[in-house]
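Observations on the three-dimensional arrangement
Now for the letters of each chain:
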Amino acid sequence: NELAISVNPYTGEIIGQRNMKKDFMSVVLDIHLHLMLGEAGKQIVRWNVLIFFVMCITGLVLWWPKQKRFFKQAVSIKWRAKSWKRLNWDLHSVLGFYALGVLLIISLTGIFWVFDTAKNMVSFATGSPVWQAPKVKSAPGSLKKEAPLDEAYAYAKSSHPGARQVFITLPKDSIEPIRVLFRYPYTIIRKQTTLWFDQYSLADLRTDAYQNYTRYEKVSRSIYDFHTGRIRALGIGSKIIYFLASLFAASLPVTGFLIWWGRNKKKKPTLSNECTEKRTGQSAVTTTA
């Protein structure tokens, strides 16, 4: 099992740990990304993100008022509507309109993550290559240091000071490097510097500093915060906005189903009614003649 361990930086005391396989938020994340169905769930979520984006666009087209004088009516809910169908329609269209901006951001950032085509489009637009995870390896056989984590952290801290958060990833096998990630205060574009060290010699294998971000990396480092509502410029307000938009989005399938169900429940004219209408029409024509 993978563990996330929190350590007091002054005393070295372990102050907390999380089992990343069974932790509640990890389970929620697995449901969000894979529906807890592995690769099959990943594909379901992948294509549903695209469908969700298309539905947002088509919903906007259907909602858009044809004349400006109807705009005020289109953005307000008629709570005193005589028909429940009318109220349900307003709940679907009006709440969908107010949530649309955030839902488009969520769907677009999700599309960026799951489709390589989206990454290539951003790469083309920014004129910089798609970022690839570095393939760096330790060289087994060298004399291993006694305290490699301490030395790697001390070196990284001295060369890249000012970090607010530090993440150290231990090697999973004999060839993986030690990874030290420093995260700095930021507003929109995530500022982080990552260093990879040989687990034996502690040679600096690679350093990716935020000061050297390409235009593509600036976009990709902003995707997570825009997807989850961690927009630091807005503080807790961004979380509240995203929460309300997500709540509205959760109601749309319900109100949308009721709209569809209500339309299918319309009474169709019976055969006797149709015959009566035809006879009435014929007699009216005869009288006129």
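It should be noted that the structure appears before, not after, this text.
This text gives an overview of the structure that appears in the document.

1. Concerning the side chain of His227
Examined against the element boundaries, His227 turns out to sit in helix α7 (residues 215-228). Apart from the residues within four sequence positions on either side, His227 is in contact with His32, Ile106, Thr109, Gly110, Trp113 and Tyr242.

2. Things to note about a nonpolar patch on the surface
A contiguous nonpolar patch, built from Ile31, Leu35, Met36, Leu37 and Ile44 and spanning about 450 Å² of accessible area, is present on the exposed surface. Along the polypeptide, Ile44 turns up in helix α2 (residues 38-63). Taking relative accessible area as the criterion, Ile44 reaches 41% and is therefore assigned partly exposed.

3. What to know about the side chain of Ser138
Assignment of secondary structure puts Ser138 in the loop between α5 (116-126) and α6 (148-159). Looking at Ser138, its side chain comes within polar contact range of the main-chain oxygen of Glu176, at 3.0 Å. Looking at Ser138, its side chain comes within polar contact range of the main-chain nitrogen of Gln199, at 3.1 Å.

4. A word on the layout of surface pockets
In this structure, the second largest pocket spans a volume of roughly 280 Å³. Surrounding the second largest pocket, Trp131, Pro134, Lys135, Val136, Lys137, Thr169, Leu170, Ile175, Glu176, Pro177, Arg179 and Trp196 form its lining.

5. Things to note about the sheet that holds strand β3 (residues 165-169)
Strand order across the open sheet formed by four strands is β3-β4-β5-β6, with antiparallel pairing between neighbours. Here the strands that pair on one side only, and so sit at the sheet edges, are β3 and β6 (204-208). When strand polarity is set aside, the average angle formed by the axes of neighbouring strands in this sheet is 15°. Bridge analysis of strand β4 (residues 178-184) against strand β5 (residues 191-197) gives seven bridges, and the strand direction is antiparallel. Pairing of Phe182 across the sheet is with Thr193, part of β5. Of the strands in this sheet, β3, β4, β5 and β6 touch α6, which is tilted by about 35° from β4.

6. Topic: the pattern of salt bridges
One pass over the full model with this rule turns up six salt bridges. With its nearest N and O atoms 3.8 Å apart, the salt bridge here joins Asp90 to Arg86. Taken together, the residues Asp90 and Arg86, both in helix α4 (residues 84-114) and four residues apart, mark about one turn of the helix. Assessed through its relative accessible area of 3%, Asp90 is described here as buried. According to the relative accessible area criterion, Arg86 is partly exposed, its value standing at 31%.

7. Some words on the packing of α4 against α5
α5 packs onto α4 with a crossing angle of 100° between their chain directions and a minimal axis gap of 5 Å. When the interaxial angle is binned, α4 and α5 end up roughly perpendicular. Of the residues in α5, those in contact with Ile111, Phe112, Trp113 and Val114 of α4 are Asp116, Ala118, Lys119 and Val122. Partitioning the contact of α4 with α5 into residue classes produces six nonpolar, no polar and two charged.

8. Observations regarding the packing of aromatic side chains
Considering all chains together, one arrives at twelve aromatic pairs under this definition. On the numbers, 5.6 Å between centres and 35° between planes, the contact of Phe257 with Trp260 is tilted. In this pair, Phe257 and Trp260 both sit in helix α8 (residues 236-264), three residues apart, roughly one turn of the helix. Classification of Phe257 by relative accessible area gives partly exposed; the value is 45%. Trp260 gets classed as partly exposed once you look at its relative accessible area, which sits at 49%. A connected cluster of aromatic rings, assembled from ring pairs, spans Trp63, Trp64, Phe71, Phe97 and Tyr98.

9. Looking at α6
Over its twelve residues, α6 runs 17 Å from end to end, which matches the ideal 16 Å to within 8%, given 1.5 Å per residue. Within the sequence span of α6, burial applies to Pro148, Ala152 and Ala156. Projected down its long axis, α6 carries its buried residues within an arc of 55°, all on one side. Facing away from the buried side of α6 by over 90 degrees, the exposed positions are Asp150 and Ser158. Along its buried surface, α6 packs onto β4 and β5.

Rules used in this analysis
Residues numbered from 1 in each chain as written. Predicted model: local features only at pLDDT ≥ 70, side-chain atom pairs only at ≥ 80, totals over all residues. Heavy atoms only, no water. Helix = DSSP H or I, 4+ residues; strand = E, 2+ residues; numbered from the N terminus. Contact = heavy atoms within 4.5 Å. Patch = residues over 30% accessible without salt bridge, like charges linked within 9 Å, V, L, I, M, F, W, Y side chains within 5 Å. Areas by Shrake-Rupley, 256 points an atom, 1.4 Å probe, with all protein chains shown as cover. Salt bridge = Lys/Arg side-chain N within 4 Å of Asp/Glu carboxyl O. Buried < 20%, exposed > 50% of the residue type's maximum accessible area, 1.4 Å probe, protein only. Polar contact = N/O pair within 3.5 Å; in protein donor to acceptor, adjacent residues only side chain to side chain. 1 Å grid on protein atoms, 1.4 Å probe; cavity = no way out; pocket = protein on both sides within 12 Å on 5 of 7 lines; lining within 4 Å. Points joined across faces, edges and corners; volume = space filled by probe spheres on them. Pairing = 2+ DSSP bridges. Axes fitted to C-alpha atoms, helices over the stretch in contact; angles between N-to-C directions. Parallel < 35°, antiparallel > 145°, perpendicular 65-115°, else oblique. Nonpolar A, V, L, I, M, F, W, Y, C, P; charged D, E, K, R; others polar. Phe/Tyr/Trp six-rings, centres within 6.5 Å; stacked < 30°, edge-to-face > 60°. Expected span 1.5 Å × (residues − 1). Arc of directions from axis to C-beta.

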